[in-house]
Amino acid sequence: MLTIKNLKAGINGKEILKGIDIFVKEGEVHAIMGPNGSGKSTLAAVLAGRELFKVTEGEVSYFGKNLLEMKPENRARAGIFLGFQYPIEIPGVSMVNFMRAAVNEHRKFRGLNPLSSSDFLKLMREKKELVEIDSKLTNRSVNEGFSGGEKKKNEIFQMAMLEPKLAILDETDSGLDIDALRVVANGVNKLKTKENSTIVITHYQRLLDYIVPDFVHVLYKGRIVKSAGKELAFELEEKGYDWIKKELGEE
Amino acid sequence: MENIDEIKTINEELTGLFQEHVHDIRKNSPEFINAKREEAFADFKKLGLPSQNIEEYRYMDFGKLFKGNYTQLYEPQKLTVDFSSLFKCNVPELDSYIIVLVNGRYYRSDLKFKFPKGVLIGGLSQLSKEHPEIMETYYNKYAGSENNGLAALNTAFAQDGLFIYIPKNTEIEKPIQIINILVYEKDFMVHPRNFIMADDSSSAKIVVCDHTLTPWKYLTNSVTEIILGNNARLDIYNIQDENNSSAHINSVFVNQSSGSAFVSNIASIHGGTIRNNIHVTLDGERSEANIFGLYLTDRKQHIDNFTFVDHAKPNCVSSQLYKGVLDDEATGAFNGKILVRKDAQNTNAFQKNNNVLLTNEARMNTKPQLEIYADDVKCSHGATVGQINEDALFYMRSRGISEKEARLMLMYAFAFEVIGKINFAPLQERITDLVDKRLRGELSRCSNCVVNCR
Amino acid sequence: MHPLGFTCGEIASLSWGKQIDLLGKNHKIKIKKNKIKTASKQVPESAIDMENENDNIINEVTQGEYKYGFVTDIESDSIPKGINEDIVRLISEKKNEPAFMLDFRLKAYRKWLTMEMPRWAHLKIPEINYHDIIYYSIPRQAAKYKSIDEVDPVLKDTFNKLGIPLEEQKHLAGVAVDAVMDSISVKTTFKETLAESGIIFCSMSEAIKEHPDLIKKYLGSVVPYGDNYFAALNSAVFSDGSFVYIPKGIRCPMELSTYFRINAANTGQFERTLIIADDESYVSYLEGCTAPRRDENQLHAAVVEIIALEHAEVKYSTVQNWYPGDKNGKGGIYNFVTKRGICKGDNSKISWTQVETGSAITWKYPGCILKGNNSTGEFFSVAVTNNYQQADTGTKMIHLGANTKSRILSKGISAGRSNNSYRGLVKMTKNAENSRNFSQCDSLLLGDKCGAHTFPYIDVQNKTSIVEHEATTSKIGEDQIFYCNQRGISTEDAVGLIVNGYVKEVINRLPMEFAVEAQKLLQISLEGSVG
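Residues numbered from 1 in each chain as written. Chains lettered and ligands numbered in written order. Predicted model: local features only at pLDDT ≥ 70, side-chain atom pairs only at ≥ 80, totals over all residues. Heavy atoms only, no water.

1. A look at the interface of chain B and chain A
Across the contact, 16 residues belong to chain B and 31 residues belong to chain A. Taken over both partners, the interface formed by chain B and chain A buries close to 1900 Å², and the fraction arising from carbon and sulfur atoms is 64%. Connecting chain B to chain A are four salt bridges. Among the salt bridges present, the one from Arg50 of chain A reaches Asp391 of chain B, with a minimum N-O distance of 2.4 Å. Our count for the contact surface shared by chain B and chain A stands at eleven residue pairs in polar contact (both at pLDDT 80 or more). At the level of elements, α8 (390–397) and α9 (403–419) of chain B are the ones that each hand at least two residues to the side of chain B that touches chain A. Among the elements that take part in the side of chain B that touches chain A, α8 of chain B stands out by supplying seven residues, more than any other. Tallied by class, residues from the side of chain B that touches chain A come to eight nonpolar, three polar and five charged. (Contact = heavy atoms within 4.5 Å. Buried area = accessible area lost by both parts, 1.4 Å probe. Salt bridge = Lys/Arg side-chain N within 4 Å of Asp/Glu carboxyl O. Polar contact = N/O pair within 3.5 Å; in protein donor to acceptor, adjacent residues only side chain to side chain. Helix = DSSP H or I, 4+ residues; strand = E, 2+ residues; numbered from the N terminus. Nonpolar A, V, L, I, M, F, W, Y, C, P; charged D, E, K, R; others polar.)

Below is the structure:
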């Protein structure tokens, strides 16, 4: 479903991604691991269409279409969901209005009529239960005054609402205690089907205990330096990122 | 310099007009009002209109505004058309008392309901004659025309306007809706004079809607004096929706006694030039003033908000919030001042002005000021000029919401902080709707108005 | 010794001495006296105790004597009082200036005649008789000294007393000083050392003669002669000042500093400073100043111009301690100063830091014109007013280039019957795309007879810039004082601690030697003046 070929991108003339290749098939879970500053979040942002980052080279095709030509909202409607590392606070915009606008845009894209108010609220209720999110949170402005854990749960809730084909979860585990981590991971697992795929971006192996990847890629200095099965995550956890540096001949 | 010369000429013209028509101007007013008129005229001759050299009027070009062939009427018009059937306000069917003013004069009341005993509502000219006991004490007491050229001009020319008196211990639950209509077949100038008094422990809500019905240039120089007795409570909501070649100078002078609470919330939707001067004196302990404004401007509109909150007594609270969106070549100015006098200890004063500029041609000047002479105070102010938050925009787009819609939602959210302060649900709903339409550009014509003048 | 002119020990030993006594021995004595007084007024002692202590502390501060108030008894060579074209010509002649300078001065003088004194500031400025001022006065025999041995011992003494030894070996290493008394630079230290790396650090008079090309190119380029009333006056009659040129790629190896001293009576001081930082250079410059106590007001109208070319950085720090007048508001310096820098080249940076404690009236807005793309302007200020002092000070940040940044941090402290205003302008012009400003202006009130005011002006003309301004005004937190008291810290020490915390972010910007002393200066000026 997703083919990334030799992707190079940067910000303000500084190259961050230096040629990335990843192939994701339907139903697969890929984990991208790497030390801080390796370009993990940049990759996520580029896939979601953040204009701050300029793609300088390479291709990304998504279900055969050139993803890089699509606007962020069209990528979202086509089924790409980005779980933000730092979800944005939007004072004054209620969660309900925000989600209703988003859900109806997705429906319009699929040729469906907008949901009626009562159907929409019913959907909200169902999904809230599914991801175990506090129902009070959806009465507030988007992410405003949410704790770190609440923000992350809210991302998973939105993912449940929008039912993406490809979910990219950027450091969804960072800043979560073990209970919140379990809630978030369970949410992701419940939403998993044979058709949809997930890219989990993480620094630690911890999350991968709950969301078991089919492939693990190590991103280092803007390049995928190692790809293997889930055992690579354990190896990394055990030996640390210095091991990778050593393998690359760096001290 | 050009501005000063122009203003000089205009001052002379206005002075001449007054002298020429003084007989008609005086005709329908009681003597004590005419006495103030003479004083004010002498003041105006001395002061004239403020030039741009005066700091508080730096972004107002009165030379340009007053230049032109404005008609002024010195005698009441005979109105043959029923304006209330012709016109429906943008805030229709608000279960309210409706008062209509046409061209600055009291026209009629559409009283579906009966007012409590002792409440006086009507035209200033008539009621000041019928109830001199109130007006003799208070007329022009707080408008300070001795050092304010615009107030002096109004006091000299004013003949009529709105008069509201709410007696002690009287609570009016339903809002009183004032519909201010300007309609003429030429460029037109008017100096309405309004007087509102909420006596001790009374309370009321007033909604003022300003409209123009024909596409001529209107120039309004209004003065409103508002007096709140002890523990009185008065909310005034103002929707300014005039055509974009008109100018409205709206000067409000509020005097608050102990324990009183005042709210002013102005939504400036349309209008060529709008200048709001809100002067509030917290003249009694434990009084509270809340002053809010929202302005949505585009094309060549200019919106200029001036506030002056005078903490004259201890233990008072004031809060000001002004927010605006400036599109196209619109310009805006905010000049707000908090003064805490020497003995006004335990003051809490707060002021905020936030602006969003949508184009490189739009321009905003903001100048929040604190002048503080007491030490036991908590005062703060903030001002920002910026744009729609790009991170928020991307976040929304990444959920599939189109850029245009996301921008609108964010602008609306920005504006909502002010609308949210309207503590009267039906009105809040209607203004919400109005703002939403304005932001979507669907208000370029008065959809509710059969005249379709814009 | 260090450039500000005093050491810790000295503070205690000089007339500030009784206030530096943080342990409060002297306070205790005074409090006792007060107790006797209150007893005689038949007010319950315990209730009034605290209040008295506070009054006492305020008195202490207001009675504090200005440490630098002495007069040097040296003969001056002055020109007659008053100002006219002949005086302007005479000044130029006395200084042997080339024709272009006389021309500059005359243009400025003629412009000045057409101007009016600015009245917009929140200041009550008494009428100034410009014909009653001596515009040029130099200590006799004050030709610029070649060697330290030639300097008049009386002058040497004066500067020693101020903590500015003119002998290089006595200096803290790493600080070069230009010492200016009245209208002339007395001695510039480390000139030769600096010259080795191509740095020019000399008096303005010398620069006019020896580097006329640089002067012609840059003098008046940032503050034009007709910029404002006081700048025009300065341009007409300025006497001396410092000149700095840092060549391309040079990081100035030591702090440069000018010490200004007004000595002669009835004179005005009109110095002029010009700093040029060529591409990729760096310099940190300090300025200190004092004046004798006199009952008459004296005028100080200086102009400082800074030019930062590509990738250059200039840090300009001031500790302004002119004589503030006595506790009744008599005397003191009128400090009407125009300071402005231009970030002319891309990626350049100018940073102003000021600690303003002196002067009867301060009118001062050090600003930055951010012309180069990606350039940065900063303004960090602490302004303290006490007694009858008045200050109207702030900054102007004019954003012209794209991606320019400015940061304003102003901390005002008012005590006594003083008035302290922040006034600042942030302007984003059309071309200043993606520019950013953040301003924070806080005011602290100590006592209920003073005023604290904030007047920011924000003007934005493009849609990609962001300007944010925040300001707060409050008195010192009673809960904070109580918290300190509960931990055994006396109220006056607590105030000191809290004020230090309040100004810390600014003080930390000063070069080390300055910071320590500035902090002490503040603590002393405000010790215990909580109302």
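2. Observations regarding the environment of Phe424 of chain B
Tracing the sequence through the fold places Phe424 of chain B in the loop between α9 and α10 (425–439). The exposure class of Phe424 of chain B is buried, given its relative accessible area of 16%. (Buried < 20%, exposed > 50% of the residue type's maximum accessible area, 1.4 Å probe, protein only.)

3. Quick notes on unusual backbone geometry
In this model, Asn315 of chain B sits at a positive phi of 60°, which is unusual for a non-glycine residue. Since its relative accessible area comes to 28%, Asn315 of chain B is described here as partly exposed. The backbone of Ser359 of chain C shows a phi angle near 70°, a positive value even though the residue is not glycine. In this fold, Ser359 of chain C is placed in the loop between β14 (349–356) and β15 (361–364). With a relative accessible area of 0%, Ser359 of chain C lands in the buried category.

4. So, the pairing of β14 of chain C
Residue and element names in this part refer to chain C. Within β14, seven of the eight residues are buried, which leaves the element mostly enclosed by the surrounding structure. In terms of strand pairing, strand β12 (residues 313–320) meets β14 through eight bridges, oriented parallel. What sits directly across from Val314, in β14, is Ile350. The pairing of β14 with strand β17 (residues 376–385) spans eight bridges and is classified as parallel. In the strand pairing of β17, Trp352 is matched with Phe379. (Pairing = 2+ DSSP bridges.)

5. Some details on the interface of chain B and chain C
Listed per partner, the contact involves 35 residues of chain B and 34 residues of chain C. Across the chain B/chain C interface, buried area totals approximately 2700 Å², and carbon plus sulfur atoms make up 47% of it. Of all residues in chain B, Asn360, Asp375 and Gln387 of chain B give up the largest surface area on contact with chain C, accounting jointly for 23% of the area buried on that side. In this assembly, chain B and chain C are joined by two salt bridges. With a shortest N-O distance of 2.5 Å, Asp459 of chain C and Arg363 of chain B are connected by a salt bridge. Between chain B and chain C we count 16 residue pairs in polar contact (both at pLDDT 80 or more) in total. Taken together, the elements giving at least two residues each to the side of chain B that touches chain C come down to β19 (363–372) and β20 (377–386) of chain B. With eight bridges connecting them, β20 of chain B and strand β23 (residues 466–475) of chain C associate as antiparallel partners.

The values are spatial; any link to function lies outside them.
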